[in-house]
Amino acid sequence: MSLLGLVQTAAWAQSAPPDGICNGVLNQLRARQTVEQNLLEAAARQNAELITQLEQERSVLQTQKQTLQQQNTQLEQRLVTLQAERQARQQEIAQLNQQIQAANERLTQLDQQIQQTEQKISAANERLTQLNQQIQQTEQKISAANNQLTQLNQQVEQKRATLLQLQQQSANNKKEIARLQQQLATLQTQKQTIQGQITQLEQQLAPLKAQKQQIQQEIAQLEQKLLTELAQKNPATGQIKKLEEAIAAKRADLAKVEQQIAPLEQQLKAANEELARVEAEIQQTELQIQAAKEEQARLQQEIAQLEREIAQTEEQIQQAQREIAQLNQELAPLQDERQTLQQQVTQLNQELATLQAERQALEQQIADLGDALGVATEELKQVEQKILQTQQEIMANNERLAQLDQQIAELDRRIELAGCV
């Protein structure tokens, strides 16, 4: 029979007429009502403590929910910014492609103009002797070789500067890998320590919980005996008092055990939360180490490739230098006879030089635009990766919010049930 049933029984007994019942029985009924009232008050106090604890847990979950919602708001704002940045990069790429196309079209026009100018020079050179043709051919070869040599020297310097940067990046990346590995070792040590604390707390809680369950069973048995005594018409007053005292003593023991359990459970909860945090940091650090190692492998490949390219370019420089030296030797005996031919072809050569200079500048512009296009494309990839990462973070937060809502709903249900008892 529940405590409510005891009270109802006592109330019925009090309202029933004491026809034929002695004064001693009436006193026992009054004493029984007092005991039942005390039991109800104790149960109400326990429910109030339970409700307070549940409401505290609910407040913690609400705070976590609010924090996640704030994070989502920040992430969504960041996503809008990244999407705008992506659109800007896409527009920039489109503009660069248009500029490259226009430059290539202009380059085609210049090639046609150069070809036409060279045809005019060739027509003028038809009037020249074989010597003039040899001088012109030799000078063109020297000019081309010098241009090639200049370009090759510039390429070597640029590649050496890039190689130095890559080597510095590789050294910095190695330091970062070492730092992350040290951080991972520290986190794993923390994890082991926390797991040991959790095991110790669980070992401490186990006997206390068993003791609590044993006391609750003993209280239930004593209450059943008390109900049996109270149900008798002439119960022994001494036996009832002993049972009441025994129940009160057991309840006191139960309260002591619960006081011992409560801080241990709080410590266990805090340890589990700390373990989850450390495990998350371990996972993040491992991902960072993996990314750094992949970056290191990429840098090593780029360094090796760049070193090969530098060696090949230096071989081309030596070849160009040998070619220039040979051409200069061929040109030397012909320079005295060149003056009579220069006046006829000066204007055409100037025109050709202008077109070639413009063509060279245009080629450099195309190269610069290509570099800018590569940078913009890489930036677009990075922005898209950030967008994907932000979307994944938002999804993870939404899943956690759903879990929190379920936990809060469960706590609300428990609070409601505790308030109805």
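Residues numbered from 1 in each chain as written. Predicted model: local features only at pLDDT ≥ 70, side-chain atom pairs only at ≥ 80, totals over all residues. Heavy atoms only, no water.

Some details on the overall build of the protein chain
The line we're drawing: In DSSP terms, a helix is any run of H or I states spanning at least four residues, a strand is any run of E spanning at least two, and both are numbered starting from the N terminus. Buried means the residue's accessible area, taken with a 1.4 Å probe over protein chains only, is under 20% of the maximum for its type, while exposed means over 50%, and partly exposed covers the values in between. Between two residues, a contact is recorded if the distance between any of their heavy atoms is within 4.5 Å. Accessibility throughout is a Shrake-Rupley quantity obtained with a 1.4 Å probe, and a residue counts as covered only by protein chains that appear here.
Looking only at helices and strands, the protein chain features five helices and zero strands. Reading the secondary structure of the protein chain in the N-to-C direction produces α-α-α-α-α. For the protein chain, with 421 residues in total, the buried portion stands at 28%. Contacts spanning at least 24 positions in sequence make up 92% of the contacts within the protein chain whose residues lie at least 6 apart. Roughly 27500 Å² of accessible area belongs to the protein chain as shown, and the carbon and sulfur atoms make up 48% of that amount.

Description of the environment of E258
For E258, the location among the structural elements is in helix α4 (residues 237-331). The exposure class assigned to E258 is partly exposed, which follows from its relative accessible area of 31%. For E258 and K212, which are 46 residues apart along the polypeptide, the C-alpha to C-alpha distance reads 7.2 Å.

Quick word on the pattern of salt bridges
We apply this condition: Definition used for salt bridges: Asp or Glu carboxyl oxygen within 4 Å of a side-chain nitrogen of Lys or Arg.
For the structure on display, the rule yields 21 salt bridges. Between K65 and D405 there is a salt bridge; the shortest N-O distance is 2.8 Å. Residue K65 is located in helix α2 (residues 23-125), and its partner D405 is located in helix α5 (residues 339-420); the two are separated by 340 residues in the primary sequence. Between E279 and K191 there is a salt bridge, with its nearest N and O atoms 3.8 Å apart. In this pair, E279 is assigned in helix α4 and K191 in helix α3 (residues 130-231), connecting sequence segments 88 residues apart. Here E279 falls in the partly exposed class, since its relative accessible area comes to 33%. K191 gets classed as partly exposed once you look at its relative accessible area, which sits at 26%.

Describing the side chain of S170
On the secondary structure map, S170 appears in helix α3. According to the relative accessible area criterion, S170 is buried, its value standing at 4%. Those residues within four positions of S170 in sequence are excluded, and the remaining contacts are Q296, L299, Q300 and I303.

Observations concerning the nonpolar core
Threshold: Here, the term nonpolar core denotes a set of buried Ala, Val, Leu, Ile, Met, Phe, Trp, Tyr and Cys residues that are joined through side-chain atoms within 4.5 Å.
I194 and I198 are the most contacted members of the largest nonpolar core, which totals 20 residues. Going through the elements one at a time, α3 and α4 are the ones with two or more residues in this core. Among all residues touching I194, those that are not within four sequence positions of it are A271, E274, L275 and V278.

Here we look at the confidence of the model for the protein chain
Caution is warranted with low-pLDDT regions, since their predicted coordinates should not be read in detail. Heads up, the condition is: The predictor attaches a confidence to each residue, and that confidence, scored 0 to 100, is pLDDT.
Per-residue confidence for the protein chain gives a mean pLDDT of 83; residues scoring 70 or more make up 87%. Put simply, helix α1 (residues 3-15) is where the protein chain has its lowest mean pLDDT, 35, and α4 is where it has its highest, 90. Under a pLDDT of 50 for its full length, residues 1-22 has, in the predicted model, 16 contacts with residues more than four places off or in other chains.

Comments concerning the environment of I415
With respect to the secondary-structure elements, I415 resides in helix α5. Taking the C-alpha atoms as reference, I415 lies 8.7 Å from T52; in sequence the two are 363 residues apart. Aside from chain neighbours lying at most four places away, what touches I415 is I51, L54, E55 and R58.

Section: the side chain of T138
In this fold, T138 is placed in helix α3. With residues near it in sequence (within four places) discarded, T138 still touches L327, E330 and L331.

Remarks on the environment of E223
Take E223: it is sitting in helix α3. The spatial distance from the C-alpha of E223 to the C-alpha of A246 is 9.5 Å, given a sequence separation of 23 residues. Contact partners of E223, with chain neighbours within four places excluded, come to I247 and R251.

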